[in-house]
Amino acid sequence: MTDQTVHEDPSAHASGNAATDKFKGESVKADTTPERARAIYQDVFKAIGEITHKHQITYDEYRVLKNWMIQVGEYGEWPLWLDVFVEHEIEKVNYDRKGYTGTKGSIEGPYYVEDAPKLPWKCEMPMRDKDKAATPLIFKGQVTDVDGNGLSGATVELWHADEEGYYSQFAPGIPEWNLRGTIVTNENGEYEIKTLQPAPYQIPTDGPTGWFILSHDGHPWRPAHLHLRVKHPGYREITTQLYFEGGEWTENDVATAVKPELVLDPKKNDEGQNVVEYGFKLDKED
Ligand code: DHB
Ligand code: FE
């Protein structure tokens, strides 16, 4: 751990605080019994004790940790830090259940927003002229049950960063629903969405999450990705992400959220657009 001076930079503050404000607006509740809470916290403190002894943690290091935790809160970066370094294990424990054969999930991350405007099955994502300068991506496929039957009226929520790595509603100056939409599948469960090829995303390095990464010579990159949430009544909802074959950082995601089943391999068509087909399989609700 290194010394941390307090940096004043508006961008980490802005996106961190926006993610924190959004999360604070959600209702947060778990039915954890006192017995279960005790079992968990005892294991947490046992692990902390073991690490402290194993690495002979110094008082200076302890104070740096305290300072860092205070800064994470002040910068509003707990959603960022937790979703990068912790969420992937939570996702695996909760959604990689034995017996599920549907599409794999991946982390939600801090930038999901509910109720993105509805779009027809064949559509273009809301985007600015500057977004149209990026390589177009045609993303098409079908939502089915695990036996391959199309699910009509399923919703495919898609959200992703622009070519500079910014998400609407979390970075300033971007129209509210830019690159966000709720696509409704047609009578066969199909969708065909025109969007843009996203770029790798660098998590903000100008705040405490960045200091954390620098302190151990890590890198702050997530591979280019699309975020998706797919729903149909009676079926288990999937929150996932799709990545790109051969993309920078696809093999080395700071958030450890890539799964081989979630990697796309788009091909160029005659118009220079990237085209890719991917289907979502939904398991029946338990
Ligand atoms: C973060 C950003 C993402 O776009 C994502 O998918 C996961 C995490 C983050 O900055 O924490
Ligand atoms: Fe993301």
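Just so you know, these numbers come straight off a predicted model, no measurement behind them.

Student: It is not clear to me how the UniProt feature "domain: Intradiol ring-cleavage dioxygenases" (unreviewed entry) in the chain should be interpreted in this structure. Could you clarify?
Tutor: The feature "domain: Intradiol ring-cleavage dioxygenases" (unreviewed entry), as given by UniProt, occupies residues 139-167 in the numbering adopted here. A helix fraction of 0% and a strand fraction of 41% characterise residues 139-167, whose end C-alpha atoms lie 19 Å from each other.

Student: I tried to follow the coordination of the iron ion (ligand 2) on my own but got confused; where do I start?
Tutor: Protein coordination of the iron ion (ligand 2) is provided by Tyr 167 (OH), His 225 (NE2) and His 227 (NE2), with donor distances spanning 2.0 to 2.1 Å. Each donor residue of the iron ion (ligand 2) belongs to the same chain, and together they define the spacing Y-x57-H-x1-H. Its relative accessible area of 4% is what places His 225 among the buried residues.

Student: So what exactly am I meant to see when it comes to the site of ligand 1 here?
Tutor: Surveying the vicinity of ligand 1 reveals 13 residues, the closest of which are Leu 80, Val 84, Tyr 167, Arg 222 and His 227. One of the backbone N or O atoms of Leu 80 is found 3.0 Å from an oxygen atom in ligand 1. A distance of 3.0 Å separates an oxygen atom of ligand 1 from a polar atom in the side chain of His 227. Across the complex, the protein chains shield 100% of the 290 Å² of accessible surface that ligand 1 would expose by itself. Counting atoms within 2 Å of the grid points, the majority share of ligand 1 lands in the largest cavity. The class makeup of the residues in the shell around ligand 1 is 8 nonpolar, 4 polar and 1 charged.

Student: What am I meant to see in the pattern of salt bridges here?
Tutor: Side chains that differ in charge, positive against negative, can pair when their charged atoms come close. Counting across every chain of the model gives 17 salt bridges. We note a salt bridge from Arg 229 to Glu 108, for which the minimum N-O separation is 2.6 Å. Pair noted here: Arg 229 is in strand S9 (residues 226-231) and Glu 108 is in the loop between helix H5 (87-95) and strand S1 (118-119), with a separation of 121 residues, a long-range link. Take Arg 229: its relative accessible area is 9%, and that puts it in the buried class. Taken together, the shared-partner salt bridges connect Glu 91, Asp 96 and Lys 259 into one network.

Student: Sorry if this is basic, but what is going on with empty space enclosed by the protein here?
Tutor: Think of a ball as big as a water molecule: rolled over the atoms, this probe shows where empty space is left. On inspection of all chains with the given rule, the structure shows 1 cavity of 30 Å³ or more. Computed from the structure, the largest cavity encloses a volume of approximately 120 Å³. If you trace the largest cavity, you find 16 residues lining it, with Val 84, Gly 109, Pro 110, Tyr 201 and Arg 222 closest to the centre. Element by element, the count of residues in the lining of the largest cavity is highest for helix H4 (residues 78-85), at 3 residues. Tallied by class, the residues present in the lining of the largest cavity amount to 9 nonpolar, 4 polar and 3 charged.

Student: Whenever I open this one, the nonpolar core confuses me. Can you help?
Tutor: Soluble globular proteins tend to pack their nonpolar side chains together in the buried interior. With 49 residues, the main nonpolar core has Phe 139, Val 143, Ile 183 and Phe 280 as its most contacted residues. Counting only elements with at least two residues in this core, the list comes to H4, strand S3 (136-145), strand S4 (155-159), strand S6 (190-196), S9, strand S10 (238-244) and strand S14 (280-282). Setting aside chain neighbours within four positions, we find Phe 280 in contact with Thr 103, Phe 139, Gln 142, Val 143, Thr 144, Tyr 191, Leu 228, Val 230, Thr 240 and Leu 242. Listed in part, the 5 residues of the second largest apolar core include Trp 68, Val 72, Trp 81 and Trp 211.

Student: Any chance you could explain the side chain of Glu 157 here in plain terms?
Tutor: Mapping Glu 157 onto the fold places it in strand S4. A polar contact is formed between the side chain of Glu 157 and the side chain of Tyr 112, at a distance of 2.7 Å. In this view, Glu 157 contacts Tyr 112, Val 113, Asp 115, Gly 181, Thr 182, His 227, Leu 228, Arg 229 and Lys 231; residues no more than four positions away in its chain are not counted.

Student: Even after reading the chapter, I still don't get the packing of aromatic side chains, so can you show me in this structure?
Tutor: Any pair of aromatic rings gets described here by the distance separating the centres and the angle formed by the planes. Here the structure, examined in full by the defined rule, presents 20 aromatic pairs. Judged by centre distance (5.7 Å) and plane angle (75°), the ring pair of Tyr 75 and Trp 211 falls under edge-to-face. Remark: Trp 211 occurs in helix H6 (residues 208-215) and Tyr 75 occurs in the loop between helix H3 (59-74) and H4; sequence separation between them is 136 residues. Taken as a pair, Tyr 75 and Trp 211 share a single burial class, namely buried. Here a set of aromatic residues connected by ring pairs shows up, and it is made of Trp 68, Trp 78, Trp 81, Phe 85 and Phe 212. We note Arg 229 situated over the ring of Tyr 112; from NZ or CZ to the ring centre the distance is 4.2 Å. Against the face of Tyr 100 rests Arg 236, its NZ or CZ located 3.6 Å from the ring centre.

Student: Sorry if this is basic, but what is going on with the environment of Ile 238 here?
Tutor: Within the secondary structure, Ile 238 is located in strand S10. Taking relative accessible area as the criterion, Ile 238 reaches 5% and is therefore assigned buried. Note: C-alpha distance between Ile 238 and Leu 228 (10 residues apart in sequence) is 7.8 Å. Look past the residues within four positions of Ile 238 in its chain and what remains in contact with it is Thr 103, Lys 104, Gly 105, Leu 228, Arg 229, Val 230, Lys 281 and Leu 282.

About the criteria used
- Residues numbered from 1 in each chain as written.
- Chains lettered and ligands numbered in written order.
- Predicted model: local features only at pLDDT ≥ 70, side-chain atom pairs only at ≥ 80, totals over all residues.
- Heavy atoms only, no water.
- UniProt positions renumbered as here; feature names shortened; annotations may be inferred.
- Helix = DSSP H or I, 4+ residues; strand = E, 2+ residues; numbered from the N terminus.
- Donors = N, O, S within 2.8 Å, 3.2 Å for Na, K, Ca; no water.
- Buried < 20%, exposed > 50% of the residue type's maximum accessible area, 1.4 Å probe, protein only.
- Near = heavy atom within 4 Å.
- Polar contact = N/O pair within 3.5 Å; in protein donor to acceptor, adjacent residues only side chain to side chain.
- Areas by Shrake-Rupley, 256 points an atom, 1.4 Å probe, with all protein chains shown as cover.
- 1 Å grid on protein atoms, 1.4 Å probe; cavity = no way out; pocket = protein on both sides within 12 Å on 5 of 7 lines; lining within 4 Å.
- Sits in = over half its atoms within 2 Å of the grid points.
- Nonpolar A, V, L, I, M, F, W, Y, C, P; charged D, E, K, R; others polar.
- Salt bridge = Lys/Arg side-chain N within 4 Å of Asp/Glu carboxyl O.
- Points joined across faces, edges and corners; volume = space filled by probe spheres on them.
- Core = buried A, V, L, I, M, F, W, Y, C linked by side-chain atoms within 4.5 Å.
- Contact = heavy atoms within 4.5 Å.
- Phe/Tyr/Trp six-rings, centres within 6.5 Å; stacked < 30°, edge-to-face > 60°.
- Lys NZ or Arg CZ within 6 Å of the ring centre and 35° of its normal.

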